[in-house]
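# A look at the structure
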Amino acid sequence: MPMIDLTFVRGSIDEQALSRLTDELVTALLRAERAPDTPYLRDNTMVYLHAMEPAEVSVGGRGPGDPRFRVDLTVFAGAVDKDHKEQLAADVHAAVCAAAGIEPLDSKAFHVWTLIHEIPEGNWAGGGKVVYYRQVKGLVADDAP
């Protein structure tokens, strides 16, 4: 089950844009994993919002600067291949830029960072048990339309 952590400066995205952004991030991640966008997978894809106060983010160790965004995506190792990672990074960047009113190619493009964390097989657990990628793939297959 993929997980998303979005860290941002409080007030840099309005509530409506934040709601759209979280939905777009889940959509992009499911597409990158080549998983069907089903209620089961939506219900098991967590988006954790980390709204930081401006003074809690330091740019270059010298104060808050302009708002910055970090999107941490956690997936099973091997669930997203190189081409899909590249598309995922582009999709996440575009979605965050649109939500925050940042031109995707201007000088603030690097105010948005995406980190893709791959969890090795046997290192993901839920409900007190290790969850294996093959199990998740089986659940997805059973849930597919």
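This section reports on the structure supplied with the text. Worth saying up front: this structure is predicted, and the values here are computed from it rather than measured. (Residues numbered from 1 in each chain as written. Predicted model: local features only at pLDDT ≥ 70, side-chain atom pairs only at ≥ 80, totals over all residues. Heavy atoms only, no water.)

### Description of the overall build of the chain
Looking only at helices and strands, one finds four helices and six strands in the chain. Computed over the C-alpha atoms, the radius of gyration of the chain is 16 Å, within 12% of the 15 Å expected from 2.2 N^0.38 for a compact globule of 145 residues. The principal-axis extent of the C-alpha atoms belonging to the chain is close to 45 × 30 × 30 Å. Per-residue burial for the chain yields a buried fraction of 34% across its 145 residues. Intrachain contacts of the chain at a sequence separation of at least 6 include 77% that bridge at least 24 residues. Positive and negative side-chain charges in the chain, numbering 14 and 22 respectively, have mean positions lying 4 Å apart. (Helix = DSSP H or I, 4+ residues; strand = E, 2+ residues; numbered from the N terminus. Rg over C-alpha atoms; globule rule 2.2 N^0.38 Å. Buried < 20%, exposed > 50% of the residue type's maximum accessible area, 1.4 Å probe, protein only. Contact = heavy atoms within 4.5 Å. Lys, Arg positive; Asp, Glu negative; His and termini not counted. Charge placed at Lys NZ, Arg CZ, Asp CG, Glu CD.)

### A word on the sheet that holds strand β1 (residues 3–9)
What the four strands build is an open sheet, ordered β2-β1-β3-β4; its pairing is mixed. Of all strands in the sheet, those bounded by a partner on one side alone are β2 (46–52) and β4 (112–119). The mean inter-strand angle of the sheet, taken between neighbouring strand axes irrespective of direction, is 15 degrees. Packed on one face of the sheet, helix α1 (residues 15–32) meets β1, β2 and β3 (69–76) and runs near 145 degrees to β1. (Pairing = 2+ DSSP bridges. Axes fitted to C-alpha atoms, helices over the stretch in contact; angles between N-to-C directions.)

### Comments concerning unusual backbone geometry
If a residue is not glycine, its phi is most likely negative; likewise, a peptide bond is most likely trans. Even without being glycine, R34 reaches a positive phi, approximately 60 degrees. Inspection of the secondary structure puts R34 in the loop between α1 and α2 (39–43). The class of R34 is partly exposed, set by a relative accessible area of 46%.

### Some remarks on the packing of α1 against helix α3 (residues 82–100)
Where α1 meets α3, the axes come as close as 10 Å, and the angle between the chain directions of the two elements is 175 degrees. In this view, α1 runs roughly antiparallel relative to α3, as classed from their interaxial angle. Between α1 and α3, the residues in contact are A17, L21, E24, L25, A28, L29, R31 and A32 and H84, L88, D91, V92, A95, V96 and A99, respectively. (Parallel < 35°, antiparallel > 145°, perpendicular 65-115°, else oblique.)

From the geometry alone we can't say anything about function, so treat these as descriptive.
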